[in-house]
Amino acid sequence: MQIRASLDSEIPAISKLIEIAFGADQGLEIAQLTVALLQDASAYPLLSLVATQPSPRDQTDIIIGYILLTKAEIANVKSQVNVAILAPLAVHPAYQAQGIGTQLIAQALMQQRTAGVDLIFVLGYPSYYTKQGFTPAGQYGFTAPYLIPAEHADAWMVQALQPEIIGQFQGQVICANALNDPRHWHE
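First things first, this report covers the structure right here in the doc. As the structure is a prediction and not an experimental result, all values here were calculated from the model.

**Some points on the packing of aromatic side chains**
The relation between two aromatic rings is expressed through the spacing of the ring centres and the mutual angle of the planes.
Here is step 1: Enumeration over the complete set of coordinates arrives at five aromatic pairs.
Here is step 2: Between Phe121 and Trp156 the ring centres are 5.1 Å apart and the planes differ by 10 degrees, which places this aromatic pair in the stacked class. Residue Phe121 is located in strand β5 (residues 119-123), and its partner Trp156 is located in strand β8 (residues 156-160); the two are separated by 35 residues in the primary sequence.
Here is step 3: Judged by centre distance (6.1 Å) and plane angle (70 degrees), the rings of Phe142 and Phe169 are edge-to-face. Of the two residues, Phe142 is situated in strand β7 (residues 142-143) and Phe169 in the loop between β8 and β9 (171-174); the sequence distance between them amounts to 27 residues.
Here is step 4: According to the relative accessible area criterion, Phe169 is buried, its value standing at 10%.

Written out as structure tokens, the structure is:
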């Protein structure tokens, strides 16, 4: 398996992967959101990575995993802080439970740390993302762009990429325009 930056020519394959990974209920919506984020200037700088594997049929690579991190901000924070939101993370069902998602997250976080990003936020399953180093963001005073129901409050999570950044500020996270819709903010 190889993890690398995605290519614009791979957007249709990425969309298909997301549809398959998230299933009939959410897949198409998440794929459309991903394409919108890739075209949204307010989401830049962004990080779009694919996990690929050589095709058994020919010399091409097949995309088996995908991760996208887009620029975000924290409202009313006067100091310079670089923030990103992880959404989505997708792994083809035939390749799940093999550590591909973990490897995509690790590679993305390493690249974001090197790029000077301070905090990464995600709205996802706590049972999965806490194993990746994320903790509930609400306990640090970070609120999501839209209200997260109390029973899912722990699904709004953060990971600090720079030492001692947590506790220096708090506030509401402002996301890219394409993600700024309440229907995207449920776990």
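**What about unusual backbone geometry?**
Glycine aside, a negative phi is what most residues show, and trans is what most peptide bonds show.
Here is step 1: Omega for the peptide link from Tyr44 to Pro45 comes to 0 degrees, which places this bond in the cis form.
Here is step 2: Along the chain, Pro45 turns up in the loop between α1 (11-38) and β2 (47-54).
Here is step 3: In this model, Ala87 is joined to Pro88 through a cis peptide bond whose omega is 0 degrees.
Here is step 4: Here Pro88 is to be found in strand β4 (residues 83-91).
Here is step 5: Positive phi, normally seen in glycine, also occurs at Ala97, with a value near 65 degrees.
Here is step 6: Considering the arrangement of structural elements, one finds Ala97 in the loop between β4 and α2 (100-114).
Here is step 7: For Glu164, which is not glycine, the phi torsion reads 60 degrees and is therefore positive.
Here is step 8: Note that Glu164 resides in the loop between β8 and β9.

**Details of the pattern of salt bridges**
Here is step 1: Summed over the entire model, instances satisfying the criterion amount to two salt bridges.
Here is step 2: One salt bridge in this structure joins Glu10 and Arg4, with 2.5 Å as the shortest N-O distance.
Here is step 3: Judged by relative accessible area, which is 11%, Glu10 ranks as buried.
Here is step 4: A salt bridge links Lys71 to Glu73, with the shortest nitrogen-to-oxygen separation between them at 4.0 Å.
Here is step 5: Take Lys71: its relative accessible area is 32%, and that puts it in the partly exposed class.
Here is step 6: Residue classification places Glu73 among the partly exposed positions, given a relative accessible area of 44%.

**Looking at the nonpolar core**
Here is step 1: Ranked by size, the top nonpolar core spans 36 residues in total, and within it Tyr66, Ile74, Leu119, Phe121, Phe142, Trp156 and Phe169 carry the most contacts.
Here is step 2: Only α1, β3 (61-74), β4, β5 and β8 provide two or more residues apiece to this core.
Here is step 3: Not counting the four nearest positions on each side in its chain, Phe169 is found in contact with Ile74, Val77, Ser79, Val81, Leu119, Tyr140 and Phe142.
Here is step 4: Grouped together as the second largest cluster of nonpolar side chains are 23 residues, Ile64, Ile67, Val122 and Leu161 included.

**Topic: the side chain of Asp118**
Here is step 1: You can see Asp118 is positioned in the loop between α2 and β5.
Here is step 2: Buried within the structure, Asp118 lacks any salt-bridge partner; its nearest side chain of opposite charge belongs to Arg113, at an N-O separation of 9.5 Å.
Here is step 3: In this structure, Asp118 is in contact with Gln80, Val81, Asn82, Gln159, Ala160, Leu161, Gln162 and Ile165, ignoring residues within four places of it in sequence.

**Overview of the environment of Ile165**
Here is step 1: Looking at the element boundaries, Ile165 is found in the loop between β8 and β9.
Here is step 2: Classification of Ile165 by relative accessible area gives buried; the value is 9%.
Here is step 3: For the pair formed by Ile165 and Ala36, sequence separation is 129 residues and the distance between their alpha carbons is 30 Å.
Here is step 4: With near-sequence residues (within four places) excluded, Ile165 lies in contact with Asp118, Leu119 and Ala160.

**Some points on the environment of Val91**
Here is step 1: Note that Val91 resides in strand β4.
Here is step 2: Given the relative accessible area of 10%, Val91 is considered buried.
Here is step 3: Remark: the alpha-carbon pair of Val91 and Ile18, spanning 73 residues in sequence, is separated by 7.7 Å.
Here is step 4: Residues in contact with Val91, not counting those within four places in the same chain, are Leu17, Ala21, Ile64, Gly65, Gln96, Ile100 and Gly101.

Rules used throughout
Residues numbered from 1 in each chain as written. Predicted model: local features only at pLDDT ≥ 70, side-chain atom pairs only at ≥ 80, totals over all residues. Heavy atoms only, no water. Phe/Tyr/Trp six-rings, centres within 6.5 Å; stacked < 30°, edge-to-face > 60°. Helix = DSSP H or I, 4+ residues; strand = E, 2+ residues; numbered from the N terminus. Buried < 20%, exposed > 50% of the residue type's maximum accessible area, 1.4 Å probe, protein only. Salt bridge = Lys/Arg side-chain N within 4 Å of Asp/Glu carboxyl O. Core = buried A, V, L, I, M, F, W, Y, C linked by side-chain atoms within 4.5 Å. Contact = heavy atoms within 4.5 Å. Lys, Arg positive; Asp, Glu negative; His and termini not counted.

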